[in-house]
Amino acid sequence: MKITTTHVWTAIMAAVLSIISLKFLQVFKFIKWSPIGWTKKLHMFTTFPGWLKWVVLGVICFLLFFILYFIARLTCKVPPTVSSLIVTIIAILFIEWMIHVKADLTMTQFIKRISIPFACLFAMIFRFVIGTSVYMKKTFG
């Protein structure tokens, strides 16, 4: 598989949109956790300033969306809406589980703690990446 400029720009724009969306959700308290809280949990980058932690998170998002673009090219027979919903559900459950892993929650309590705005924003971002990948695969091979 060849890496194109569309591939790179799609991953960059998805990462930038993710970082801006996460900051928006945090500022207006739509999520009750910090997107850069993983640095404290994993004892990494604890002495770095906050803006650098956001940059590191952006690079991680870029790499994940770059990989997702490749994987989505393999699923061009499946409608992008279906595959993006599946990826969203898996990603949201994994992220929220990693955040609430120490809390002793029942399944009902866990589902109630899932942030709907967070899930909706990432569903749109995943749809953007997967839709672009499938379109480019079908159009240009």
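Above this text you will find the structure in question.
Summary of the structure given here. Being a predicted model, the structure only gives us computed values, none of them experimental.

**Some details on the nonpolar core**
Inside soluble globular proteins, nonpolar side chains tend to come together where they are buried.
Item 1. With 33 residues, the main nonpolar core has L22, L57, F65, F118 and F122 as its most contacted residues.
Item 2. Taken together, the elements giving at least two residues each to this core come down to helix 1 (5-27), helix 3 (50-74), helix 4 (80-99) and helix 6 (116-140).
Item 3. Apart from residues lying up to four places away in sequence, F118 is in contact with L22, L25, I31, W33, I92, I95 and E96.

**Topic: the packing of aromatic side chains**
Item 1. As enumerated under the stated definition, the model contains 10 aromatic pairs in all.
Item 2. Centroid distance F24 to F30: 6.1 Å. Interplanar angle 25°. Geometry classified as stacked.
Item 3. Overall, F30 belongs to the partly exposed group, its relative accessible area being 41%.
Item 4. Look at W33 and F118: their rings are 5.2 Å apart centre to centre, the planes differ by 90°, and that puts the pair in the edge-to-face class. Highlighted residues: W33 in the loop between helix 1 and helix 2 (38-41) and F118 in helix 6, separated in sequence by 85 residues.
Item 5. The exposure class assigned to F118 is buried, which follows from its relative accessible area of 1%.
Item 6. Grouping aromatic residues by their ring pairs yields a cluster made of W33, F65, F118, F122 and F126.

**Some details on unusual backbone geometry**
Item 1. In this structure, K29 takes a positive phi of about 60° despite not being glycine.
Item 2. Even without being glycine, H43 reaches a positive phi, approximately 55°.
Item 3. Assignment of secondary structure puts H43 in the loop between helix 2 and helix 3.

**A closer look at helix 4**
Item 1. Under the 1.5 Å per step criterion, the end-to-end length of helix 4 is 28 Å for 20 residues, consistent within 8% with the ideal 28 Å.
Item 2. For helix 4, the full list of buried residues reads P80, S83, S84, T88, A91, I92 and E96.
Item 3. Where helix 4 is buried, its residues contact helix 5 (107-113) and helix 6.

Rules used throughout
- Residues numbered from 1 in each chain as written.
- Predicted model: local features only at pLDDT ≥ 70, side-chain atom pairs only at ≥ 80, totals over all residues.
- Heavy atoms only, no water.
- Core = buried A, V, L, I, M, F, W, Y, C linked by side-chain atoms within 4.5 Å.
- Buried < 20%, exposed > 50% of the residue type's maximum accessible area, 1.4 Å probe, protein only.
- Helix = DSSP H or I, 4+ residues; strand = E, 2+ residues; numbered from the N terminus.
- Contact = heavy atoms within 4.5 Å.
- Phe/Tyr/Trp six-rings, centres within 6.5 Å; stacked < 30°, edge-to-face > 60°.
- Expected span 1.5 Å × (residues − 1).

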